[in-house]
Amino acid sequence: MSGTEAAAAIIASGSTTSAVNNDSNHLYHLHSSNTPGMAKNKLGFINGSVAEPAMRDKEYPLWSRCNDMVTSWLLNSLTKEIGDNVIYSRTAKDLWSSLEHRFGQSSGAKLYHLQKEISKTCQGNSSISGYFTTFKRLWDELLT
């Protein structure tokens, strides 16, 4: 790439960055309050609905910056032991998929225990709201 082409690329990239920074609805917008501990409105990077552009695409650096922010946010949310197993994931989606594969499957023993707890739950001396809260917590846990 010649010096002129590189300068044109930087100018084009800068103008795209400027447009993204000014449009809070843009997928690649990062507000000044977005930090690795608070990546807002970036679920698409985790679930894959914000597709990775080609490396030559002018928006790739913007996508990469947001992807790095979301990846940092996810890694900072994990224990060191778990984070060490997924730290080299290339994208936030890859990282999330690894976590989902590892932890997304319920164990049969846990399901059995929850079903048993639900079946033996009764109001007894509890208030109706206490009974409902206990039952709802167990039911919600079973459904997740």
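Just so we're clear, the structure is a prediction, and the values are computed from it rather than from any experiment.

1. Observations concerning the packing of aromatic side chains
And then number 1: In this structure the tally under the stated criterion is four aromatic pairs.
And then number 2: On the basis of an interplanar angle of 15 degrees and a centroid distance of 6.2 Å, the ring pair of Phe-135 and Trp-139 is categorised as stacked. With a gap of four residues between them, Phe-135 and Trp-139 both fall in helix H7 (residues 128-143), about one helical turn apart.
And then number 3: Classification of Phe-135 as partly exposed rests on a relative accessible area of 28%.
And then number 4: Using a relative accessible area of 38% as the deciding quantity, one classes Trp-139 as partly exposed.

2. Focus on the pattern of salt bridges
And then number 1: For the structure on display, the rule yields six salt bridges.
And then number 2: Close ionic contact of Lys-136 with Asp-140 constitutes a salt bridge, the shortest N to O distance being 2.9 Å. Residue Lys-136 and its partner Asp-140 are located together in helix H7, separated by four residues, close to a single helical turn.
And then number 3: Among the charged side chains, a salt-bridge network with shared partners connects Lys-110, Arg-137 and Glu-141.

3. Some remarks on the nonpolar core
And then number 1: Core analysis: the largest hydrophobic core is formed by 15 residues, its most contacted members being Tyr-28, Phe-45, Trp-63, Val-70 and Leu-74.
And then number 2: When residues in this core are grouped by element, the largest group, six residues, is from helix H3 (residues 60-76).
And then number 3: With residues up to four places along the chain from it excluded, the contact list for Leu-74 reads Ile-46, Ala-92, Leu-95 and Trp-96.

Reading the values: rules and limits
Residues numbered from 1 in each chain as written. Predicted model: local features only at pLDDT ≥ 70, side-chain atom pairs only at ≥ 80, totals over all residues. Heavy atoms only, no water. Phe/Tyr/Trp six-rings, centres within 6.5 Å; stacked < 30°, edge-to-face > 60°. Helix = DSSP H or I, 4+ residues; strand = E, 2+ residues; numbered from the N terminus. Buried < 20%, exposed > 50% of the residue type's maximum accessible area, 1.4 Å probe, protein only. Salt bridge = Lys/Arg side-chain N within 4 Å of Asp/Glu carboxyl O. Core = buried A, V, L, I, M, F, W, Y, C linked by side-chain atoms within 4.5 Å. Contact = heavy atoms within 4.5 Å.

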